[in-house]
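# Architecture at a glance
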Amino acid sequence: MKTVTIVLLVILVILIAILIALYFLGKKAQKKQEEQQAQIDATKQTVSMLVIDKKRMPLKESGLPQMVIEQTPKLMRRSKLPIVKAKVGPKISILIADEKIFELIPVKKEIKAEVSGLYIVGVKGIRGALETPAPKKKGLFKRFRKNKQK
């Protein structure tokens, strides 16, 4: 056989091995995520709170307890998380919001939130429905494309 075909066969075998490994790692990660979600659902409670502030900030600057920061994986420590500062009862707490509901949380309003530990899983309005956020503005180039199509 020619060397080109041998090289292509070796590359094909390596790619197939990588795909098989990714498949099994994905299944394992999915099972782990389902277990974590079941644990979150089992411990969640509905709490009334007044949201003071919400921001995306690094974990180290968030003001969370040092024990929480030490328990997070090292790669996650540098990433920005959706942090919510809220008054729960007489005490001010710093909580981590789910990415899906972070935009729904109103600032300086009272809400009913489903909380699991330090994690906000769901949000409901106390007085009426929550306002849905306005859709994000389109970028500069998308606006130009839209004008050209007209």
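Residues numbered from 1 in each chain as written. Predicted model: local features only at pLDDT ≥ 70, side-chain atom pairs only at ≥ 80, totals over all residues. Heavy atoms only, no water.

### Details of the overall build of the protein chain
Looking only at helices and strands, one finds 3 helices and 5 strands in the protein chain. Counted from the first residue to the last, the protein chain has its helices and strands arranged as α-β-α-β-β-β-β-α. If you take every contact in the protein chain between residues at least 6 apart in sequence, the share linking residues at least 24 apart comes to 54%. Summed over its atoms, the accessible surface of the protein chain is roughly 12,100 Å², and 62% of this surface lies on carbon and sulfur atoms. (Helix = DSSP H or I, 4+ residues; strand = E, 2+ residues; numbered from the N terminus. Contact = heavy atoms within 4.5 Å. Areas by Shrake-Rupley, 256 points an atom, 1.4 Å probe, with all protein chains shown as cover.)

### Observations regarding the sheet that holds strand β4 (residues 110-116)
Spatially, the 5 strands close up into a barrel ordered β1-β2-β3-β5-β4, and their pairing is mixed. The mean inter-strand angle of the sheet, taken between neighbouring strand axes irrespective of direction, is 50 degrees. Alignment of strand β3 (residues 91-97) against strand β5 (residues 119-125), held across 2 bridges, turns out to be parallel. The residue bridging I96 from the neighbouring strand is Y119, located in β5. Sheet strands in contact with helix α1 (residues 3-43) are β1 (45-58), β4 and β5, and its direction is about 130 degrees off that of β4. (Pairing = 2+ DSSP bridges. Axes fitted to C-alpha atoms, helices over the stretch in contact; angles between N-to-C directions.)

### Details of the pairing of β5
Taken together, the 6 bridges between β4 and β5 define a ladder with antiparallel strand orientation. The residue bridging V115 from the neighbouring strand is I120, located in β5.

### Examining the pairing of strand β2 (residues 80-88)
Inspection of the sheet shows β1 paired to β2 by 8 bridges, in the antiparallel sense. Bridging from a neighbouring strand, M57 pairs with L81 of β2. The pairing of β2 with β3 spans 6 bridges and is classified as antiparallel. Residue pairing across strands places A86 opposite S93, the latter belonging to β3. Between the antiparallel neighbours β2 and β3 lie 2 residues, among them G89 with a positive phi of about 70 degrees.

### Some details on the pattern of salt bridges
Under the defined criterion, the tally for this structure stands at 6 salt bridges. For D41, the salt bridge goes to K44, with nearest N and O atoms at 4.0 Å. For E114, the salt bridge goes to K124, with nearest N and O atoms at 3.8 Å. One end of the pair, E114, is in strand β4; the other, K124, is in strand β5, and 10 residues separate them in sequence. (Salt bridge = Lys/Arg side-chain N within 4 Å of Asp/Glu carboxyl O.)

### Concerning the packing of aromatic side chains
Considering all chains together, one arrives at 1 aromatic pair under this definition. With a centroid separation of 5.3 Å and 75 degrees between ring planes, the pair formed by Y23 and F24 is classed as edge-to-face. Y23 gets classed as partly exposed once you look at its relative accessible area, which sits at 48%. (Phe/Tyr/Trp six-rings, centres within 6.5 Å; stacked < 30°, edge-to-face > 60°. Buried < 20%, exposed > 50% of the residue type's maximum accessible area, 1.4 Å probe, protein only.)

### Thoughts on the confidence of the model for the protein chain
Confidence along the protein chain averages 87 in pLDDT terms, with 87% of residues attaining 70 or more. Summarising per-element confidence for the protein chain, the mean pLDDT is lowest in helix α3 (residues 140-149) (64) and highest in α1 (95). (pLDDT = per-residue confidence, 0-100.)

### A look at the nonpolar core
Membership of the largest hydrophobic core comes to 15 residues, with the highest contact counts inside it found for M49, V84, I105, I111 and I120. Listed by contribution, the elements that provide at least two residues to this core are β1, β2, β3, β4 and β5. Sequence-distant contacts of M49, that is, excluding residues within four places in its chain, are made with A86, K87, V88, L95, K109, E110, I111, A113, V115 and I120. M57, L59, I83 and I96 belong to the second-largest nonpolar core, a separate cluster that totals 8 residues. (Core = buried A, V, L, I, M, F, W, Y, C linked by side-chain atoms within 4.5 Å.)

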